[in-house]
Amino acid sequence: MQSILHHRGEPHALTSDHWQSFITAEKFDAVIFDCDGTLIDSADVHLQCLLAGTQDQGHEMSPEWYAARDGLDRISLFDAFRQSLDATFDVERACQISIAHYDQAVHRARPIRETITLAKTLRDRAMPLAVATNGERPVCELLLATVNIRDLFDTVVCISDGVPPKPSPAMFQLAADQLGQEYSKVLVIEDSPQGVQAAKAAGMSVIQLCQPTH
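Residues numbered from 1 in each chain as written. Predicted model: local features only at pLDDT ≥ 70, side-chain atom pairs only at ≥ 80, totals over all residues. Heavy atoms only, no water.

A.B. asks: Help me out: how do you make sense of the packing of helix 2 (residues 43-55) against helix 5 (residues 91-100) in this one?
C.D. replies: When two helices pack together, their arrangement is given by the angle between the helix axes and the distance between those axes. Following both chains from N to C, one finds helix 2 and helix 5 inclined at 135°, their axes separated by 7 Å at the closest point. In terms of their interaxial angle, helix 2 and helix 5 are classed as oblique. Note that helix 2 runs across helix 5; the crossing there is right-handed. Here Cys49, Leu50, Ala52 and Gly53 of helix 2 come into contact with helix 5, specifically with Ala94, Ile97 and Ser98. Looking at side-chain class alone, the contact of helix 2 with helix 5 contains five nonpolar, two polar and no charged residues. (Axes fitted to C-alpha atoms, helices over the stretch in contact; angles between N-to-C directions. Helix = DSSP H or I, 4+ residues; strand = E, 2+ residues; numbered from the N terminus. Parallel < 35°, antiparallel > 145°, perpendicular 65-115°, else oblique. Left-handed = near helix turned anticlockwise from the far one by under 90°. Contact = heavy atoms within 4.5 Å. Nonpolar A, V, L, I, M, F, W, Y, C, P; charged D, E, K, R; others polar.)

As structure tokens, this is what we get:
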């Protein structure tokens, strides 16, 4: 898998077969993974649930419209959708309906081999690991359990914890705090521009996935 490393200056390319050696060489103390698009290919899951939220109110969200805003938290996404309409749209109701739909859609989730392999290897080495996601806790926990990787992580931080969504650095900072690690010694694995911006703002190095995962 192709990725871009943001570490000590200018970004440069780093393929997935060099991730482990880089982490060892730089002596990171912990790694924080994003969930959607990083550990789990969940775009189809989210789209089906978001569609349920819009269709409930007689509207249709196109896959192209969603893809252009992938990485936004649910409230921001539905709020942007509301602003695109010349009609009334209840963002809170759409969020509730879409979250309730995950039990029916989660079977579409697929593990992303390269990042999960990395997480398993780091867990075998007793590396502290966390997940930090713009998703809600019931959604994230369900996705992680569906692909059988929840037990790899010491903690999961999400928007349900009362922190602002990425690109705010707060989510990554809280995850590092829960792991008991200094921000500068934590590496983040991300796929979204919002997540990369958040990791940098938190003072962390970040590997940005650039191979399409959905």
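A.B. asks: What am I meant to see in the environment of Leu72 here?
C.D. replies: Along the chain, the position of Leu72 falls in the loop between helix 3 (63-67) and helix 4 (74-83). Sequence-wise, Leu72 and Thr117 are 45 residues apart; in three dimensions their C-alpha atoms are separated by 26 Å. Residues in contact with Leu72, not counting those within four places in the same chain, are Leu77, Asn134 and Gln194.

A.B. asks: What am I meant to see in unusual backbone geometry here?
C.D. replies: With glycine set apart, most residues show a phi of negative sign, and most peptide bonds adopt trans. Cis geometry is adopted by the peptide bond preceding Pro167, which originates at Lys166 and carries an omega value of 25°. The residue Pro167 is located in the loop between strand 7 (155-158) and helix 9 (170-179) in this model. Positive phi outside glycine occurs at Arg8, with the angle close to 55°. Mapped onto the elements, Arg8 comes out in the loop between strand 1 (3-6) and strand 2 (12-13).

A.B. asks: Hey, could you run me through the sheet that holds strand 7 in this one?
C.D. replies: Across a sheet, paired strands are connected by hydrogen bonds in the backbone, their directions being either parallel or antiparallel. Ordered in space as 2-1-9-8-3-6-7, the seven strands form an open sheet in which the pairing is mixed. Each having just a single partner strand, strand 2 and strand 7 make up the two edges of the open sheet. With four bridges connecting them, strand 1 and strand 9 (residues 205-209) associate as antiparallel partners. Bridge assignment links Leu5 to a residue of strand 9, and that residue is Ile207. Strand contacts of helix 8 (residues 137-146): strand 6 (129-133) and strand 7, with the helix running at about 140° to strand 7, the strand carrying the most contacts. Helix-sheet contacts for helix 9 involve strand 3 (30-33), strand 6, strand 7 and strand 8 (186-190), and the interaxial angle to strand 7 is about 155°. (Pairing = 2+ DSSP bridges.)

A.B. asks: Just checking my understanding: could you explain the packing of helix 1 (residues 19-26) against helix 7 (residues 113-124) for this structure?
C.D. replies: For the pair helix 1 and helix 7, interaxial distance at closest approach is 10 Å and the crossing angle is 40°. Considered as vectors, helix 1 and helix 7 are oriented oblique to each other. Helix-helix and strand crossings are classified by hand; for helix 1 and helix 7 the assignment is right-handed. Side by side, helix 1 and helix 7 meet where Trp19, Gln20 and Ile23 of the first sit next to Glu114, Thr115, Leu118, Thr121 and Leu122 of the second. Partitioning the contact of helix 1 with helix 7 into residue classes produces four nonpolar, three polar and one charged.

A.B. asks: What is the right way to read helix 2 from this model?
C.D. replies: Since there are 3.6 residues in each turn of an α-helix, residues three or four apart along the chain are aligned in direction. Spanning 13 residues, helix 2 covers 18 Å between terminal C-alpha atoms, matching the ideal 18 Å at 1.5 Å per step. Of all the 13 residues making up helix 2, 10 are buried; the element is thus mostly covered by neighbouring parts of the structure. Within the sequence span of helix 2, burial applies to Ala43, Val45, His46, Leu47, Cys49, Leu50, Leu51, Ala52, Gly53 and Thr54. Buried residues belonging to helix 2 abut strand 4 (40-41), helix 3, helix 4, helix 5, helix 6 (102-105) and helix 8. (Expected span 1.5 Å × (residues − 1). Buried < 20%, exposed > 50% of the residue type's maximum accessible area, 1.4 Å probe, protein only.)

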